[in-house]
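So the chains spell out like this:
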Amino acid sequence: MTDILVTQSGPVLEIVLNRPEKKNALTRAMYDGIVDAFKRGEGDPAVRVMLITGAGDTFCAGNDIGDFQVRATADEAFHASPFLDVLSTLAKPLIAAVNGQAVGVGTTMLAHADLVLAVHGARFVMPFTSLGLVPEAASSLLFPRLVGLQRASALLLLGEPIDAATAHHWGLVNQVVGAEALMPTARALAERLAALPPAAVRQTKDLIRNGAPDVPGRIAQELVQFRDRLRSPEAAEAFQAFKEKRKADFSRFS
Ligand code: COA
């Protein structure tokens, strides 16, 4: 599967959308390739962080429009469904390094990434209505939460494109960097995440994504987990390292 490149560098699994001649538009086979990579990352205790980026000048031009046409006549289930199921339930953190344009699912997938970096020239657009379509990947739920109702309406109703600076200002992107700095910055962030206690990271991600919707419920849920965490080997190592005035080493945990 050469349209999806997967490499592992220590605790970081890197996934590259590698169809630059078609602006990394996602075919069914590519969705399947990403699903395989995500499953590999989730299943391998050595992997602590996943990172996704695109080859060439585009992050992802969205779903392959040719595939859309085939599917419209083939009466089959949406072939991105398994991708969306896995993407939206990843237990391990996902970093997106947006190296250029992000169209359709190229942008909606970012709401499922835990940290998003983008190059100065990145551009984000979700042109669903102009294609006679509706939002996907729970973007109609997540974007209003992420950027606010009116901004989400401009993005999803009008299909208004935004540049990297606006995406940063609106909270879709954590940091905007030069093209040469993108992968070094993304990898450094991945290493930082990977050096943290892995179970604490996974539980924190789960609380952020799936915690109880009300304050009392969330406090109660956090307390239960906090108590368990206090007794965890990860916390024991952190406390001991503090007492011994050394850097904590969480490398033996998974
Ligand atoms: N599906 C299929 N092919 C696509 C594609 C897509 N989503 N996006 C780009 N391509 C193909 C183009 O057809 C072209 O193929 P060709 O060289 O055989 O003619 C090639 O990729 C390069 O695209 P091009 O449009 O020439 O590049 P660009 O830099 O001028 O523009 C985009 C890049 C991403 C802005 C533009 O290609 C685009 O708008 N694509 C459609 C995005 C879209 O609507 N996606 C669906 C969202 S739901």
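From a predicted model like this one, the values you see are computed outputs, not experimental measurements. (Residues numbered from 1 in each chain as written. Predicted model: local features only at pLDDT ≥ 70, side-chain atom pairs only at ≥ 80, totals over all residues. Heavy atoms only, no water.)

A.B. asks: Help me understand the domain arrangement of the protein chain, please; the structure alone is not making it clear to me.
C.D. replies: Interface size is commonly expressed as the accessible area that is lost once the parts come together. Per the domain assignment, the segments making up the protein chain are domain 1 (4-194) and domain 2 (198-243). Computed over C-alpha atoms, the centres of domain 1 and domain 2 are 28 Å apart. Of the residues lining the interface, 11 residues belong to domain 1; the matching set on domain 2 comes to 5 residues. Roughly 660 Å² of surface becomes buried between domain 1 and domain 2 when both sides are summed, with 48% attributable to carbon and sulfur atoms. On the domain 1 side of the interface with domain 2, the three residues burying the most area are Arg48, Ala91 and Asp114, jointly 45% of the side's total. Between arginine 209 and aspartate 114 there is a salt bridge, with the nearest N and O atoms lying 3.7 Å from each other. Applying the counting criterion to the domain 1 and domain 2 interface returns 5 residue pairs in polar contact (both at pLDDT 80 or more). Classifying every residue of the side of domain 1 that touches domain 2 gives 7 nonpolar, 1 polar and 3 charged. (Domains from an automatic or database assignment. Contact = heavy atoms within 4.5 Å. Buried area = accessible area lost by both parts, 1.4 Å probe. Salt bridge = Lys/Arg side-chain N within 4 Å of Asp/Glu carboxyl O. Polar contact = N/O pair within 3.5 Å; in protein donor to acceptor, adjacent residues only side chain to side chain. Nonpolar A, V, L, I, M, F, W, Y, C, P; charged D, E, K, R; others polar.)

A.B. asks: What exactly am I supposed to notice about the side chain of glutamine 225 here?
C.D. replies: Its location among the elements puts glutamine 225 in helix H10 (residues 215-230). Among the polar contacts made by the side chain of glutamine 225, one reaches the side chain of glutamine 203 at a distance of 2.8 Å. In this structure glutamine 225 touches Gln203 and Leu207, once residues within four positions along its chain are discounted. (Helix = DSSP H or I, 4+ residues; strand = E, 2+ residues; numbered from the N terminus.)

A.B. asks: Explain the pattern of salt bridges to me, please; I cannot follow it from the model alone.
C.D. replies: In this structure the tally under the stated criterion is 10 salt bridges. Between arginine 231 and aspartate 228 there is a salt bridge, and its shortest N-O distance comes to 3.4 Å. Of the charged contacts in the structure, one is a salt bridge between glutamate 237 and arginine 246, with a shortest N-O distance of 2.8 Å. In this structure glutamate 237 comes out as buried when scored by relative accessible area, which is 7%. Through salt bridges that share partners, Glu237, Glu244, Arg246 and Arg252 make up one connected network. (Buried < 20%, exposed > 50% of the residue type's maximum accessible area, 1.4 Å probe, protein only.)

A.B. asks: What should I look at first to understand the pairing of strand E5 (residues 94-98) in this one?
C.D. replies: Burial analysis of E5 places 5 of its 5 residues in the buried class, the great majority of the element. Neither face of E5 is open: one carries Leu94, Ala96 and Val98, the other Ile95 and Ala97, and all of them are buried. Note: strand E3 (residues 49-54) against E5, 4 bridges, orientation parallel. If you follow isoleucine 52 over to E5, its bridge partner there is alanine 96. In this structure, E5 lies alongside strand E7 (residues 115-119), joined through 4 bridges in parallel fashion. Paired with valine 98 across the two strands is alanine 118, which belongs to E7. (Pairing = 2+ DSSP bridges.)

A.B. asks: Just to check I follow, could you spell out a nonpolar patch on the surface for this structure?
C.D. replies: On the surface, a cluster of nonpolar side chains totalling about 620 Å² of accessible area is made up of Val215, Ile219, Leu223, Phe226, Leu230 and Phe239. With 5 residues, H10 is the largest single contributor of residues to the nonpolar patch. Relative to the helices and strands, leucine 230 resides in helix H10. The class for leucine 230 is partly exposed, based on a relative accessible area of 47%. (Patch = residues over 30% accessible without salt bridge, like charges linked within 9 Å, V, L, I, M, F, W, Y side chains within 5 Å. Areas by Shrake-Rupley, 256 points an atom, 1.4 Å probe, with all protein chains shown as cover.)

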